[in-house]
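# Working through the structure, step by step
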Amino acid sequence: LSYQSMAPETTMYNLYSFFRAGGDYSAEEMADAMHRAIMNHPTMLTELFTEGDGTIMQRYVPEKMPKIIPEKVSDEELDAIKDTLVKPFDLMENLLWRCRVFDAPSGVYIFGDVHHIIFDGYSLELLFNDLKRALNGEELTKDYYYYVMSRREQAMSNETYELAEKYFTERYAKEKWDKNLEHDYETSSN
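Every chain is numbered independently, its residues counted from 1 as its sequence is written. Residues qualify for local features only when their pLDDT is at least 70, as the model is predicted, and side-chain atom pairs are given and counted only at 80 or more; totals for whole chains, interfaces and linings, by contrast, use all residues. Hydrogens and waters are ignored; side-chain quantities use all the structure's heavy atoms.

### Overview of the nonpolar core
Just so we agree on the cut-off: Here the nonpolar core consists of buried residues drawn from Ala, Val, Leu, Ile, Met, Phe, Trp, Tyr and Cys, with membership extended through side-chain atoms lying within 4.5 Å. Exposed residues in this analysis have more than 50% of their type's maximum accessible area, buried residues have under 20%, and partly exposed residues fall in between, with area computed by a 1.4 Å probe over protein chains only. Comment: elements are numbered from the N terminus, with helices defined as DSSP H or I runs of at least four residues and strands as E runs of at least two.
M30, I38, M44, I68, W97, V101 and L131 are the most contacted members of the largest nonpolar core, which has 33 residues in total. Secondary structure elements with two or more residues in this core: α2 (27-39), β5 (97-104), β6 (107-115) and α4 (121-135). Among the elements that make up this core, the one with the highest residue count is α2 (seven residues). Of all hydrophobic cores here, the second largest spans eight residues; its members include V73, L85, A104 and F111.

Below you can see the structure in the form of structure tokens.
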């Protein structure tokens, strides 16, 4: 988050893929299955925002889920589009992923781009497994992200946590850590 704020035009943390869908699925079926798979993962429906004091927070905003509409293109148009798909993310108050489905004469293609803040390689495997289940009309495996976050919040309000926090605060108090998107270049050792 801190690095992205210092280099807002970078795509270094974009995790993207572009592939031709296998099987005999239509572009509409693929778009619907992608919609179901994405809706099943709360992090994909989360945005970052700042509180009044500059603290960065996250919130669940499923109402911001855009409809994935298949785009009918020629193979030549698809070749021209491919190199323009990956763009930097505006991290604040936006969903941190993009998905497009292309219906070309040579097949159905899917483009996906997710910011690494909410996604990693294992997340990709989980999403693809959900995509496969959705295409087969199966029930998707429940994602417990916000449940785990809730349990974490509860754990932070007990004596053991407070003792651990005190230990680490005393041990690392001299270190300067970023709390928000502002960066002090003069005191940075990087």
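### Regarding the environment of M57
Heads up, the condition is: Here, residues are in contact when the closest pair of their heavy atoms is within 4.5 Å.
Tracing the backbone shows M57 in strand β3 (residues 56-60). The spatial distance from the C-alpha of M57 to the C-alpha of E93 is 10 Å, given a sequence separation of 36 residues. With near-sequence residues (within four places) excluded, M57 lies in contact with E47, L48, F49 and E51.

### Focus: unusual backbone geometry
Only a minority of non-glycine residues have a phi that is not negative, and only a minority of peptide bonds are not trans. Positive phi values are uncommon outside glycine, yet E93 reaches one of about 60°. A relative accessible area of 42% means that E93 is categorised as partly exposed.

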